Amino acid sequence: MIERLREPSSMMVAAHRGYKSAYPENTLLAFRKALELGVDMLEFDLRLTKDKEVVVIHDATVQRTTNGAGEVRDYTLAELKALDAGSWFAREFEGLKIPTLTELCELLREYPEVLCNVEIKPSPDAQEAADLAMDILNRYGYLPRCVFTCFDAQVLTYIHETHGQKTQGFPGEKMSGFDFGEEGTYAKMWGIGVEMSLLTPELVAGFQAQGLLVWSYCPDDEQGVRYSLECGVTGMTCNDPLPAMAVTGKKGARI
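Engineer: Could you clarify how one ought to interpret the overall build of the protein in this entry?
Structural biologist: Each helix and strand counted, the protein has 8 helices and 9 strands in total. Expected size for 255 residues packed as a compact globule is a radius of gyration near 18 Å; at 17 Å, the protein falls within 12% of this value. Summarising its shape, the C-alpha atoms of the protein cover approximately 50 × 40 × 35 Å along the three principal directions. Taking as baseline every contact in the protein between residues at least 6 positions apart, the subset at least 24 positions apart corresponds to 55%. Carbon and sulfur atoms make up 48% of the accessible area of the protein, which amounts to about 10800 Å² in all.

And the structure:
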């Protein structure tokens, strides 16, 4: 499934942590609302709990996006589920919970064509998180719809070499442990994400010449979307998917 992004006519719009500009990031509500818009891909972040459950949360700590404090890896799943993951964004979202990867997989059953950008967050147990995530995604038959992302080049290489999965990395200066050699980290990538502050037509062309799909992040207004397209990207990862969907003529789109 993920191979369709190589088709010449493909233009992918991904929802970054779900529809995070309007809903609390990395919650099932944010993902459902993005899916209802008709995005092509969900991007989400994975970490492990103390009892080795795979959960969807960006930060290493819980304090920014919940009413708790401390590191995710020091909580059991039951303890994380006791936290409120919605009211930090707006009071109306009080009571939302940190989802497990399994819960997100269940939601995705309703959207069999939607692709997944699975980001394994750098941590001491990142490789174990990748292994467990692979097991879950494989049970659901979702691996063909996934690309795997990490800012740690060693973890990205591990996913590529151990699991044979497609990976999306970043420009070398944005990653830890990057190998700039001829058979180094770029050779392990299938796609690359370039932040808007770095994006130029020359950079995009250079990565495409290496055989990489190039996606921008995060163009969240019409100007950013049009600039991304002028630079030649074939995908955009957005906090607000609506401008990208409108400019590219996707369903449900409006500005």
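Engineer: Sorry, what's going on with the pattern of salt bridges here?
Structural biologist: Should the charged atoms of two oppositely charged side chains come close, the side chains can pair. Here the structure, examined in full by the defined rule, presents 18 salt bridges. Measuring nitrogen to oxygen at the nearest pair gives 3.0 Å for the salt bridge that ties D40 to K250. Taken as a pair, D40 in the loop between α1 (28–37) and β2 (41–48) and K250 in the segment after α8 (242–248) lie far apart in primary sequence, 210 residues in all. A salt bridge links K81 to E103; its shortest N-O distance comes to 2.7 Å. Taken together, the residues span a long stretch of sequence, with K81 in helix α2 (residues 77–81) and E103 in helix α3 (residues 101–108) at a distance of 22 residues. The class of E103 is partly exposed, set by a relative accessible area of 31%. One continuous salt-bridge network, built from bridges that share partners, spans R17, E25, D45, D59, R64, E119 and K121.

Engineer: What exactly am I supposed to notice about the packing of α1 against α3 here?
Structural biologist: Relative placement of two packed helices is described by the angle separating their axes and the distance separating the axes. At a closest axis distance of 11 Å, the pairing of α1 and α3 adopts a crossing angle of 25 degrees. Between α1 and α3, the angle is such that the two are roughly parallel. In this structure, the crossing between α1 and α3 has a hand that is right-handed. Along its contact with α1, which presents L28, F31, R32 and L35, the element α3 presents E103, L104, L107 and L108. Partitioning the contact of α1 with α3 into residue classes produces 6 nonpolar, no polar and 2 charged.

Engineer: I tried to follow the nonpolar core on my own but got confused; where do I start?
Structural biologist: Generally speaking, nonpolar side chains in soluble globular proteins are found buried as a group. Counting residues in hydrophobic clusters, the biggest one holds 67 residues, and the most contacted among them are L42, F44, L46, L101, V118, I120 and L137. Broken down by element, the residue count for this core peaks at 7 residues, all from helix α4 (residues 126–139). Setting aside its immediate chain neighbours within four residues, L42 contacts A15, F31, A34, L35, L104, L108, V114, L115, C116 and N117.

Engineer: How should I be thinking about the environment of R47 in this particular structure?
Structural biologist: Here R47 is to be found in strand β2. Each C-alpha atom of the pair R47 and S123 lies 8.2 Å from the other, and the pair is 76 residues apart in sequence. Dropping the residues within four chain positions of it, R47 is found in contact with E53, V54, V55, I57, H58, D59, A60, V72, K121, P122 and S123. There is a polar contact of 3.0 Å between the side chain of R47 and the backbone oxygen of H58.

Engineer: I'm lost on the side chain of S216 in this one. Help?
Structural biologist: Counting through the fold element by element, S216 comes out in strand β8 (residues 213–217). There is a polar contact of 2.9 Å between the side chain of S216 and the side chain of S228.

Engineer: Is there a simple way to think about the packing of α4 against helix α5 (residues 153–163) in this case?
Structural biologist: At their nearest, the axes of α4 and α5 sit 10 Å apart, and the two run at 40 degrees to each other. Classed by the angle they form, the pair α4 and α5 counts as oblique. In the crossing of α4 with α5, the sense of the turn from one axis to the other is right-handed. Contact residues: A126, Q127, A130, D131 and M134 in α4; Q154, V155, Y158, I159 and H163 in α5. Each residue belonging to the contact of α4 with α5 can be placed in one class, and the counts come to 6 nonpolar, 3 polar and 1 charged.

Engineer: It is not clear to me how empty space enclosed by the protein should be interpreted in this structure. Could you clarify?
Structural biologist: The probe, sized like a water molecule, is rolled over the atoms to show the empty space still left. What the rule picks out here adds up to 1 cavity of 30 Å³ or more. Put simply, the largest cavity is a space of about 60 Å³. Around the largest cavity, the lining residues are E25, N26, T27, V56, I57, H58, T65, A85, W88 and I98. Partitioned by chemical class, the residues of the lining of the largest cavity number 5 nonpolar, 4 polar and 1 charged.

The rules we used
Residues numbered from 1 in each chain as written. Predicted model: local features only at pLDDT ≥ 70, side-chain atom pairs only at ≥ 80, totals over all residues. Heavy atoms only, no water. Helix = DSSP H or I, 4+ residues; strand = E, 2+ residues; numbered from the N terminus. Rg over C-alpha atoms; globule rule 2.2 N^0.38 Å. Contact = heavy atoms within 4.5 Å. Areas by Shrake-Rupley, 256 points an atom, 1.4 Å probe, with all protein chains shown as cover. Salt bridge = Lys/Arg side-chain N within 4 Å of Asp/Glu carboxyl O. Buried < 20%, exposed > 50% of the residue type's maximum accessible area, 1.4 Å probe, protein only. Axes fitted to C-alpha atoms, helices over the stretch in contact; angles between N-to-C directions. Parallel < 35°, antiparallel > 145°, perpendicular 65-115°, else oblique. Left-handed = near helix turned anticlockwise from the far one by under 90°. Nonpolar A, V, L, I, M, F, W, Y, C, P; charged D, E, K, R; others polar. Core = buried A, V, L, I, M, F, W, Y, C linked by side-chain atoms within 4.5 Å. Polar contact = N/O pair within 3.5 Å; in protein donor to acceptor, adjacent residues only side chain to side chain. 1 Å grid on protein atoms, 1.4 Å probe; cavity = no way out; pocket = protein on both sides within 12 Å on 5 of 7 lines; lining within 4 Å. Points joined across faces, edges and corners; volume = space filled by probe spheres on them.

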